[in-house]
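# Examining the three-dimensional arrangement
One-letter residues, chain by chain:
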Amino acid sequence: MAATLRLAVSQSHTLSTTALTLAALERTVQHAKSQSIDLLLFPEAYLGGYPRTATFGAAIGARDPAGRDQFLRYFKDAVDLGDTPEGAGQAWVDRSLEIPKGGGVRGDGTREELERISKESGVFLVVGVVERCAGTLYCAVLYICPRVGCVGKRRKVMPTGTERLIWGQGQPASLRAITTTIKGVKLTLAAAICWENYMPLLRQSLYSQNVNLYLAPTADARESWLALMRAVAMEGRCVVLSANQCLRESDLPIWITGKAGAAEEKVNERGMQRPARLRRKSTIECEDGNEIALPVPKESVAAIEEESKWANGTPTPARLRRKSTITEDGNEIVLPSPGSSTFQSTIQEQGQTKAKEGEFISRGGSCMISPLGEVLVGPLWDDDNALIVHDVDFDDCLRGRLDLDVGGSYSRNDSFKLTVAGLDLSPPP
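All values derive from a computational prediction rather than experimental measurement. (Residues numbered from 1 in each chain as written. Predicted model: local features only at pLDDT ≥ 70, side-chain atom pairs only at ≥ 80, totals over all residues. Heavy atoms only, no water.)

### A short note on the nonpolar core
Counting residues in each nonpolar core, the largest one holds 72 residues, and the members touching the most others are L7, Y143, L213, Y214, L215, L241 and F394. Per-element accounting of this core gives the leading share, 6 residues, to helix α7 (residues 225–236). Those residues in contact with L241 that lie beyond four places of it in its chain are L7, A8, V9, L39, L41, L213, Y214, L215, A216, C367 and M368. One finds V93, L114, V127 and C150 within the second-largest nonpolar core, a separate group that totals 27 residues. (Core = buried A, V, L, I, M, F, W, Y, C linked by side-chain atoms within 4.5 Å. Buried < 20%, exposed > 50% of the residue type's maximum accessible area, 1.4 Å probe, protein only. Helix = DSSP H or I, 4+ residues; strand = E, 2+ residues; numbered from the N terminus. Contact = heavy atoms within 4.5 Å.)

### Some details on the sheet that holds strand β2 (residues 39–41)
With mixed pairing, the 6 strands of this open sheet are ordered in space as β7-β6-β5-β2-β1-β19. Because the sheet does not close on itself, it has two edges, and the strands there are β7 (149–155) and β19 (386–393). Neighbouring strand axes in the sheet, compared pairwise and without regard to direction, differ in orientation by 30° on average. The pairing of strand β5 (residues 124–133) with strand β6 (residues 136–145) spans 9 bridges and is antiparallel. In the strand pairing of β6, L125 is matched with I144. Sheet contacts for helix α4 (residues 110–121): β5, β6 and β7; angle to β6, the most-contacted strand, approximately 25°. (Pairing = 2+ DSSP bridges. Axes fitted to C-alpha atoms, helices over the stretch in contact; angles between N-to-C directions.)

### Focus on the environment of I369
Among the structural elements, I369 can be located in strand β17 (residues 360–369). On the basis of relative accessible area, I369 is assigned to the buried category, the value being 0%. Between the C-alpha atom of I369 and that of C238, which follows or precedes it by 131 residues, the distance is 8.5 Å. Contact partners of I369, with chain neighbours within four places excluded, come to L226, M229, R230, A233, C238, V239, V240, E374, V375 and L376.

### What to know about the pattern of salt bridges
Here the structure, examined in full by the defined rule, presents 25 salt bridges. Notably, a salt bridge pairs E115 with R95, separated by 2.5 Å at the nearest N-O pair. Of the two residues, E115 sits in helix α4 while R95 sits in the loop between α3 (90–93) and α4, which places them 20 residues apart along the sequence. Given the relative accessible area of 11%, E115 is considered buried. As a salt-bridge pair, R248 and D384 come within 3.0 Å of each other at their nearest N and O atoms. Taken together, the residues span a long stretch of sequence, with R248 in strand β12 (residues 246–248) and D384 in the loop between β18 (375–381) and β19 at a distance of 136 residues. You can call R248 partly exposed: its relative accessible area is 26%. Linked by salt bridges that have partners in common, E26, E113, R116 and E120 make up one network. (Salt bridge = Lys/Arg side-chain N within 4 Å of Asp/Glu carboxyl O.)

In structure tokens, the structure reads:
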């Protein structure tokens, strides 16, 4: 009997709020269910967001108030899973920690919502999240079984570069592998997050637990990432899945960019596209080519709004808006007319800005690799809402162990010793 499962990787990106991202996750999972997918991996920091390009107002020896406001917004977007700062491990999984006196659940309910989504779909989920606990953020991964709920959670032990400013260091004990059986196929799975994969001893700690499904949610969109994933698969004789976010500059939240992204500009609170801004009507043309736009009388507002109404739910095209300044007396001075070189230059600059906002700042690169280092799917570039899917025969992991088992016969564990604080390196039952 073939030990085949259908695996998938979601290449997507965090939306403007955690609630919207969670709703998008559920839609992705339902789509996966329709394709009979057994296990689905989401990118690093999918819930909570990877704050690409954010500086948090920090320099060596200095922090500014605006950066603290950025961190406040980011902290509030993170999810509270009801864990402890030191990581409660199995006690958290078993829900044996103290619950609030008034009853209910520990945390903000995100754990329970993910468990519901997994249970209703029948899909085993592995989700990258930004977890808040006390006053610290952690980059974490959740393992969610459709039968029993959360079966594990781990926190990134070594944030990379400036991630160390905003994320705490997770507990090495959380590197414990998870076992589950899907359609009669036994899986021993574990996740190494982003550049943890460049830590040889961390990789070995996973190989030693006899992992046959190695998960690598990441934020690295370099072309060199694929070479690392192939090396990991070859080295560990395991199936490797890697998921990365794919997004444009306009997809970044307003607290990073300081301006509304594409989603905020296009969608109002009812989920429909906003109409073009109202255009003032009364103007005076000056001799120097400037135009003074006079204040709109209050009694004219209704008429202007009526003119701007949508037809059949479709907005009228926005007219080009000249650059302007508001004077102290409430008048608006509209700068040179479209015929001038200044205006043309302004339009050109706006076009360049829009083009930049449309560029990918993370191109993705999600992939799947076989236990012999062969690329099964990917890397996928420049697609910000995609599933990559492949049917994988896990017997290939055993076929690969004929000549290489770095957790066993090829490890020379009689001579080379690895210990990890608080972590049992023996294969889980």
